Each structure stands twice: as structure tokens, then as C-alpha cells.
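Here is how the chains run, residue by residue.
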Amino acid sequence: MKAAAEAAERGYSQVLWLFGEEDSITEVGSMNVFFYLQNKDTGRNELVTPPLSRGDILPGVTRASILELTRSWGEFDVTERTPTMPEICEAAKEGRLIEAFGAGTAAVVTPIEGIQYKGVDIE
């Protein structure tokens, strides 16, 4: 709860939870996190969310519904893989980060307006 209090003091409403030396993104607050970006390697648009396989991501109906619905559209790639903060920073810097949002039963779908990482604001 200390992290949430510190984030609130700085004007942020949620904490983006990171894991490990690579700053792997896990969740935002108590919500699943999604990033819609242009994949650097393929050039295709991609919706990315961390996978359930590590055991640290909450499964949920809203998460499953978003994945099922967006896959059914066939308009962009939908990938369950571990995004990292360096990847998101690079995508933002290069203009490839299109959208970010959190999703969960209580919050439904909530846009992420900005992220502060290592003293830099990403919008």
C-alpha cells in the first residue's frame, strides 16, 4: 500500500506493477493491463497483455472477454506475452504506443493516461 500512497502523492491514481530485473509489467493496480502498439519487428498493430502462465496475473472474465472479442475481429495481433517497461518506453518514444488500459470486473476498461518510469512521463 506504500506504493499506492506514493503514487497518489505524485498525482497518479494507480501503480503499474513491475517484476524482475527487466521491469516486466504485470498489472495496473488490481486490474489486468493491456498495451495496443505497433510491433517493432512485424510492423503490425498488436494488443499485448501479460500471460497467465507465470501465476502472478489475475485471470478474469473481463480479461478473457477482451482477448476473445479482439481476436474475433482479426484486425490486429492479440498476444499474451510479457511486455517490459523498456519496450513500452521505446514504443512511446518512437510513436508506436497507441493506447494503454487496465481492465477488471470493478473498473471494466479504464484508459491509462500516463505512466511515470524512472522520472520520465510517458503519455
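Below, the structure is looked at part by part. Because the structure is predicted, anything quoted here is derived from the model rather than measured.

Cut-off values and rules
Residues numbered from 1 in each chain as written. Predicted model: local features only at pLDDT ≥ 70, side-chain atom pairs only at ≥ 80, totals over all residues. Heavy atoms only, no water. Helix = DSSP H or I, 4+ residues; strand = E, 2+ residues; numbered from the N terminus. Contact = heavy atoms within 4.5 Å. Polar contact = N/O pair within 3.5 Å; in protein donor to acceptor, adjacent residues only side chain to side chain. Salt bridge = Lys/Arg side-chain N within 4 Å of Asp/Glu carboxyl O. Buried < 20%, exposed > 50% of the residue type's maximum accessible area, 1.4 Å probe, protein only. Pairing = 2+ DSSP bridges. Phe/Tyr/Trp six-rings, centres within 6.5 Å; stacked < 30°, edge-to-face > 60°.

1. Description of the environment of E46
Now for step 1: Within the fold, E46 resides in strand 4 (residues 45-49).
Now for step 2: Considered as a pair, E46 and F35 are 11 residues apart in the sequence and their alpha carbons are 8.0 Å apart.
Now for step 3: Excluding residues within four positions of it along the chain, E46 makes contact with F35, Y36, L37, N39, F76, D77, T79 and R81.
Now for step 4: Only 3.2 Å separates the side chain of E46 from the side chain of R81, close enough to count as a polar contact.

2. Here we look at the pattern of salt bridges
Now for step 1: Under the defined criterion, the tally for this structure stands at 10 salt bridges.
Now for step 2: The salt bridge partner of R54 is D56, with a shortest N-O separation of 2.7 Å.
Now for step 3: A relative accessible area of 34% places R54 in the partly exposed class.
Now for step 4: Here R96 makes a salt bridge to E90, at a shortest N to O gap of 4.0 Å.
Now for step 5: Looking at R96, the relative accessible area reads 9%, which means it is buried.

3. Description of the pairing of strand 1 (residues 16-19)
Now for step 1: Pairing analysis gives 4 bridges linking strand 1 to strand 2 (residues 24-28), with the strands arranged antiparallel. Bridging from a neighbouring strand, W17 pairs with E27 of strand 2.
Now for step 2: In this structure, the hairpin formed by strand 1 and strand 2 is closed by a connection of 4 residues, where G20 is found at a positive phi of approximately 80 degrees.

4. Here we look at the packing of aromatic side chains
Now for step 1: Tallied over the full model, the rule gives 3 aromatic pairs.
Now for step 2: Centroid distance F34 to F101: 4.9 Å. Interplanar angle 10 degrees. Geometry classified as stacked. Here F34 is found in strand 3 (residues 31-38), whereas its partner F101 is found in strand 6 (residues 97-104), with 67 residues between them in sequence.
Now for step 3: Overall, the relative accessible area of 0% leaves F34 in the buried class.
Now for step 4: A ring pair is formed by W73 and F76, whose centres lie 6.1 Å apart and whose planes are at 80 degrees; its orientation type is edge-to-face.
Now for step 5: Note on W73: relative accessible area 43%, which makes it partly exposed.

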